[in-house]
Amino acid sequence: MLLFKQSIKKFETGAALIEFAIIVPLLLLLVVGISEFGFAFYHLNILNKSVQDGARYFSDSSKARNGDIDMPIDTNPATNGTNINNTKNLVIYGNINIPSPCTSSTMPPCPLMPTAGNYTPLPTVTSPDANHIMVTATYNHNLMTNDLLSNLMKLVSGGNSSVGSDIPLTASSVLRVE
């Protein structure tokens, strides 16, 4: 009987290692997924706050209206271009006074978000009605794993499928112009 127990124990010595090898990829996938989601949520929060700041800046009647209080909201870049550009700079860079072009040598650090080129299209300032202003921005969030997920999908599917390395995040804010 003792010989039988020793032979069973001999076969069980690598079981924990095999179980660990099966579980580790699943745990890594879970950790990477949680990190990616947290990073995207972080950028979405920054985008929401930036758009709200831009709408708050432009909702001042001296910036939104081209004249007295009874004038309509002016979202035409030809007549109110300075305030619209300042609003866009505030959304993208977090500051209205941005040198053109914005480089790390002219204003370190230049963008609030990782790259200003990820705003496609650039933030828009519109007026849905006579008393409200709407600022909308779309930011292409780059995944932390970048092309790793695409390469993994190509490997698994034999090169027939891929996943994009960026996710478009959109935020919008509507405020009343006083």
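Whatever comes next refers back to the structure up there.
This section reports on the structure supplied with the text.

Sheet architecture is open: 3 strands sit in the order E1-E2-E3, paired in antiparallel fashion. Each edge of the open sheet is held by one strand with a lone partner, namely strand E1 (124-129) and strand E3 (166-176). Within the sheet, the average angular offset between the axes of one strand and its neighbour, ignoring direction, is 25°. In this sheet, strand E2 (residues 132-142) lies alongside E1 in antiparallel orientation, the contact comprising 4 bridges. Across the sheet, Thr126 pairs through a bridge with Met134, a residue of E2. On the sheet, helix H2 (residues 15-58) packs against E1, E2 and E3 and is oriented at approximately 30° with respect to E3.

Let's shift gears to helix H4 (residues 77-93). Given a rise of 1.5 Å per residue, 17 residues ought to cover 24 Å, yet the end C-alpha atoms of H4 are separated by just 19 Å, more than 12% below that figure. Maximum bend of H4: about 45°, positioned at Asn83. Among the residues making up H4, those that are buried are Asn80, Gly81, Asn83, Ile84, Asn86, Thr87, Asn89, Leu90, Val91, Ile92 and Tyr93. Residues of H4 that are buried make contact with H2, helix H3 (61-64), E1 and E2. Its side-chain oxygen placed 3.0 Å from the backbone nitrogen of Ala78, Asn76 serves as the N-cap of H4. Positive backbone phi, at 85°, marks Gly94, one or two positions downstream of H4.

Right, let's talk about the pattern of salt bridges for a bit. Counted by the stated rule, this structure contains 2 salt bridges. When the shortest N-O distance is used, the salt bridge between Asp53 and Arg56 registers 3.0 Å. With a gap of 3 residues between them, Asp53 and Arg56 both fall in helix H2, about one helical turn apart. Given the relative accessible area of 36%, Asp53 is considered partly exposed. A salt bridge links Lys63 to Asp60; the nearest nitrogen and oxygen atoms lie 3.2 Å apart.

The buried fraction of E2 amounts to 8 of the 11 residues, a majority that puts the element mostly inside the structure. Turn length for the E1-E2 hairpin, with the two strands adjacent in sequence and antiparallel, is 2 residues. Strand direction decides the pairing type here: E2 and E3, joined by 11 bridges, are antiparallel. Across the sheet, residue Ala137 finds its bridge partner in E3, namely Ala171.

Note on placement: Asn140 falls in strand E2. A residue is classified by how much of its surface remains accessible, and Asn140, at 16% relative accessible area, is buried. Residues contacting Asn140, with those up to four places away along its chain left out, are Asn118, Thr120, Asp166, Ile167 and Pro168.

Every α-helix winds through 3.6 residues per turn, so residues three or four apart in the chain are directed the same way. Under the 1.5 Å per step criterion, the end-to-end length of H2 is 65 Å for 44 residues, consistent within 8% with the ideal 64 Å. Maximum bend of H2: about 30°, positioned at Ile23, with proline Pro25 one to four residues after it. The set of residues buried in H2 consists of Glu36, Ala40, His43, Ile46, Leu47, Ser50, Val51, Gly54, Ala55, Tyr57 and Phe58. At its buried positions, H2 is contacted by H3, H4, E1, E2 and E3.

Analysis parameters
Residues numbered from 1 in each chain as written. Predicted model: local features only at pLDDT ≥ 70, side-chain atom pairs only at ≥ 80, totals over all residues. Heavy atoms only, no water. Pairing = 2+ DSSP bridges. Helix = DSSP H or I, 4+ residues; strand = E, 2+ residues; numbered from the N terminus. Axes fitted to C-alpha atoms, helices over the stretch in contact; angles between N-to-C directions. Contact = heavy atoms within 4.5 Å. Expected span 1.5 Å × (residues − 1). Bend = angle between axes of the 7 residues up to and from the residue. Buried < 20%, exposed > 50% of the residue type's maximum accessible area, 1.4 Å probe, protein only. Polar contact = N/O pair within 3.5 Å; in protein donor to acceptor, adjacent residues only side chain to side chain. Salt bridge = Lys/Arg side-chain N within 4 Å of Asp/Glu carboxyl O.

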